[in-house]
Amino acid sequence: PFSVTMEMAPSLFGDGLHLLRIGLMGDVIPVEERIPANLVFLIDVSGSMSHGDNKLPLVKFMLKQLVNVLRPSDTLGIVVYAGTDAVLLNPTPVNDKSAIIDGIDALSAGGSTAGAAGITTAYQLAAANMMEGGINRVILCTDGDFNVGLTGDSLIEMIEDYRDTGVSLSVFAFGTGNLNDQYMEQLADHGNGNYAYVDSQNEALHIIGDKLVSTLQIIAKDVKVQVEFNPANVLRYRLVGYENRLLNNEDFNDDTVDAAEIGAGHNVTAFYEVELADSLSADRISQCRFRYKQPDGDTSILITQDVFAEDTLDTFEEASADFRFAAAVVEYAEILRHSMHSEGAQFDVVASVASDSVNVDHPEALEFLDLVDIASGLWNQ
């Protein structure tokens with residue numbers, strides 16, 4: 001259900017080091033072939049969501065755009081929460097656009113944040129309108145200010161319980177100030193959904209197209225990756241990021257351990273930073289093992305892919321454009337997190353690599369280059 005891409009080249013951002021890129025790309029399912037979806041939006045209408053155009057007004061914009069790209073057979077419901085929770089719109093077929101738009105227009109903010117009660121109501125609404133053999137998902141839109149009600153591990157346990165009934169959870173975060181980014185992502189991880197931060201109308205449109213509608217249908221579940229390096233060729237290695245996704249080694253072969261889902265068209269990229277031995281043997285550099293289950297399966301399928309010394313490119317410039325652009329993004333993240341592995345704030349190098357790697361007219365490339373420029377200016381203040 002997904003393709004695997006592996007590529008290894010010298011790192012431009014670490015003296016004497018190499019980068020190993022592992023990429024997964026889910027098969028694309030045409031919109032007309034996607035199974036129907038039962039979506040229940042859980043909208044935070046607490047007082048903090050009224051502060052700025054990048055919170056509730058942006059949520060309303062995103063929902064209205066979404067109505068235009070969902071299929072007529074899909075249903076959309078809205079639950080709101082502040083001091084209390086309420087069903088604003090029962091799951092309604094998307095072809096009844098006027099009723100849905102009226103519900104969106106009725107959204108207004110005010111009150112404290114009883115998030116857990118709202119999540120319970122949204123899950124109950126989704127379960128009551130369960131589409132057998134379809135997509136059933138709660139989508140939380142919030143600025144992350146969960147200050148009343150069930151929180152922490154208790155909330156996560158509840159999300160996992162509902163997940164096991166077949167209703168997943170995605171989380172979209174808006175605004176700044178109250179946002180607990182790590183916690184919001186954790187909720188989505190445990191709910192077998194995806195997480196995204198929305199800061200503009202352009203990002204909302206991108207998320208609707210690439211992170212919601214196109215990836216709604218799960219094509220592989222409990223996807224795990226295990227990488228084993230050959231000590232004869234690899235002196236040291238580290239996984240860059242993904243600290244909140246790590247599993248114990250023994251969990252890889254344990255089919256009872258929950259892992260990530262891949263939706264149609266969903267892509268995942270991970271980098272390892274590697275120090276190679278001075279003299280490489282003809283044997284492999286690493287073996288990557290992948291386990292996944294069919295969407296309705298309980299037993300995982302194992303596939304393996306090797307990287308040999310002869311597969312390693314001689315220079316960073318020989319790597320694919322995708323590799324080089326992704327490496328620039330990774331280094332940018334390393335700088336922002338003040339990583340001990342980052343060799344200074346090389347914003348100019350990051351921008352140069354990124355602009356040389358992709359079509360700079362691409363909206364995401366332009367946005368990334370703008371972010372690099374902004375960060376560079378703030379860094380030097």
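As the structure is a prediction and not an experimental result, all values here were calculated from the model.

(A) Here's a closer look at the side chain of Ser 168. As for its position among the elements, Ser 168 is in strand S7 (residues 168-174). Side-chain polar atoms of Ser 168 contact the side chain of Arg 137, separated by 2.9 Å. For Ser 168, the residues in contact, after removing those within four places along its chain, are Tyr 123, Asn 136, Arg 137, Val 138, Gly 191 and Asn 192.

(B) Spatial organisation of the environment of Phe 41. Tracing the backbone shows Phe 41 in strand S3 (residues 37-44). Accessibility expressed as a relative area gives 0% for Phe 41, which makes it buried. If near-sequence neighbours (up to four positions away) are discounted, Phe 41 is found in contact with Leu 63, Leu 66, Leu 76, Gly 77, Ile 78, Val 79, Ile 139, Cys 141 and Leu 212.

(C) Structural detail: helix H7 (residues 321-336). Helix length check: H7 (16 residues) gives 23 Å between terminal C-alpha atoms against 22 Å at 1.5 Å per residue, within 8%. Buried residues of H7: Phe 323, Arg 324, Phe 325, Ala 326, Ala 327, Ala 328, Glu 331, Tyr 332, Glu 334 and Ile 335, and no others. Of the residues trailing H7, His 338 is marked for its positive phi of about 55°.

(D) Empty space enclosed by the protein, seen in detail. Summed over the entire model, instances satisfying the criterion amount to one cavity of 30 Å³ or more. In this model, the largest cavity occupies a volume close to 100 Å³. If you trace the largest cavity, you find it lined by Ser 11, Phe 13, Leu 19, Arg 238, Val 240, Glu 273, Ala 327, Val 330, Glu 331, Glu 334, His 341 and Ser 342. Looking at the lining of the largest cavity, the element that brings in the most residues is H7, giving four residues.

(E) Seen up close, the packing of helix H1 (residues 56-67) against helix H2 (residues 97-105). Contact pair H1 / H2: the axes reach a minimum separation of 10 Å and the direction vectors enclose 175°. Classified by the angle between their axes, H1 and H2 sit roughly antiparallel to one another. Taken together, the residues of H2 that come into contact with H1 (itself represented by Lys 60, Leu 63, Lys 64 and Val 67) are Lys 97, Ile 100, Ile 101, Ile 104 and Asp 105. Its residues placed into classes, the contact of H1 with H2 shows five nonpolar, no polar and four charged.

(F) Structural detail: the pattern of salt bridges. In this structure the tally under the stated criterion is 15 salt bridges. The partner of Arg 245 in a salt bridge is Glu 185, with the nearest N and O atoms 3.8 Å apart. Placement of Arg 245 in the loop between strand S10 (234-239) and strand S11 (260-263) and of Glu 185 in helix H5 (residues 181-190) is noted, with a sequence separation of 60 residues between them. The partly exposed category is assigned to Arg 245, whose relative accessible area is 39%. Put simply, Arg 245 and Asp 189 hold a salt bridge, and the shortest N to O gap is 2.8 Å. Highlighted residues: Arg 245 in the loop between S10 and S11 and Asp 189 in helix H5, separated in sequence by 56 residues. Each of Arg 238, Glu 243, Glu 273, Glu 334 and Arg 337 takes part in a single network of salt bridges with overlapping partners.

(G) Local environment of the nonpolar core. Counting 37 residues, the largest nonpolar core has Phe 41, Ile 43, Leu 107, Cys 141 and Phe 172 as the members making the most contacts within it. Here the element with the most residues in this core is H1; it accounts for eight residues. The contacts of Leu 107, once residues within four sequence positions are left out, are Ile 43, Val 45, Leu 56, Lys 60, Leu 63, Ile 78, Val 80 and Leu 88. Among the nonpolar cores identified, the runner-up in size contains 25 residues, and Ile 119, Leu 140, Met 184 and Leu 187 belong to it.

(H) Local environment of a negative patch on the surface. Side chains of Asp 199, Glu 364, Glu 367, Asp 370 and Asp 373 sit close together on the surface and give a patch of like negative charge. Checked against the element boundaries, Asp 199 lands in the loop between strand S8 (195-198) and helix H6 (201-213). We classify Asp 199 as partly exposed; its relative accessible area is 37%.

(I) Molecular detail of the side chain of Ser 46. With respect to the helices and strands, the residue Ser 46 is situated in the loop between S3 and H1. Here the side chain of Ser 46 touches Asp 44 through a polar contact of 2.6 Å, side chain to side chain.

(J) Representation of unusual backbone geometry. Look at Asn 192: it is not a glycine, yet its phi comes out positive at around 60°. Tracing the chain through its elements places Asn 192 in the loop between H5 and S8. Residue classification places Asn 192 among the buried residues on the basis of a relative accessible area of 17%. Although it is not a glycine, His 338 adopts a positive phi angle of roughly 55°. Residue position: His 338 is located in the loop between H7 and helix H8 (347-357).

(K) Representation of the sheet that holds S7 in the model. Reading across from one edge, S5-S4-S3-S6-S7-S8 is the order of the six strands in this open sheet, with mixed pairing throughout. Of all the strands in the sheet, just strand S5 (85-93) and S8 have a single pairing partner and so form its edges. Geometrically, the sheet is characterised by an average inter-axis angle of 20° between neighbouring strands, direction not taken into account. Of the pairings in the sheet, the one linking S3 to strand S6 (residues 135-142) comprises seven bridges and is parallel in character. Note that in S6 the partner of Ile 43 across the bridge is Cys 141. Sitting on the sheet, H1 touches S3, strand S4 (75-81), S6, S7 and S8, and the angle it makes with S3 is about 165°. Contacting S4 and S5, H2 crosses the sheet at an angle of about 160° to S5.

The rules behind each value
Residues numbered from 1 in each chain as written. Predicted model: local features only at pLDDT ≥ 70, side-chain atom pairs only at ≥ 80, totals over all residues. Heavy atoms only, no water. Helix = DSSP H or I, 4+ residues; strand = E, 2+ residues; numbered from the N terminus. Polar contact = N/O pair within 3.5 Å; in protein donor to acceptor, adjacent residues only side chain to side chain. Contact = heavy atoms within 4.5 Å. Buried < 20%, exposed > 50% of the residue type's maximum accessible area, 1.4 Å probe, protein only. Expected span 1.5 Å × (residues − 1). 1 Å grid on protein atoms, 1.4 Å probe; cavity = no way out; pocket = protein on both sides within 12 Å on 5 of 7 lines; lining within 4 Å. Points joined across faces, edges and corners; volume = space filled by probe spheres on them. Axes fitted to C-alpha atoms, helices over the stretch in contact; angles between N-to-C directions. Parallel < 35°, antiparallel > 145°, perpendicular 65-115°, else oblique. Nonpolar A, V, L, I, M, F, W, Y, C, P; charged D, E, K, R; others polar. Salt bridge = Lys/Arg side-chain N within 4 Å of Asp/Glu carboxyl O. Core = buried A, V, L, I, M, F, W, Y, C linked by side-chain atoms within 4.5 Å. Patch = residues over 30% accessible without salt bridge, like charges linked within 9 Å, V, L, I, M, F, W, Y side chains within 5 Å. Areas by Shrake-Rupley, 256 points an atom, 1.4 Å probe, with all protein chains shown as cover. Lys, Arg positive; Asp, Glu negative; His and termini not counted. Charge placed at Lys NZ, Arg CZ, Asp CG, Glu CD. Pairing = 2+ DSSP bridges.

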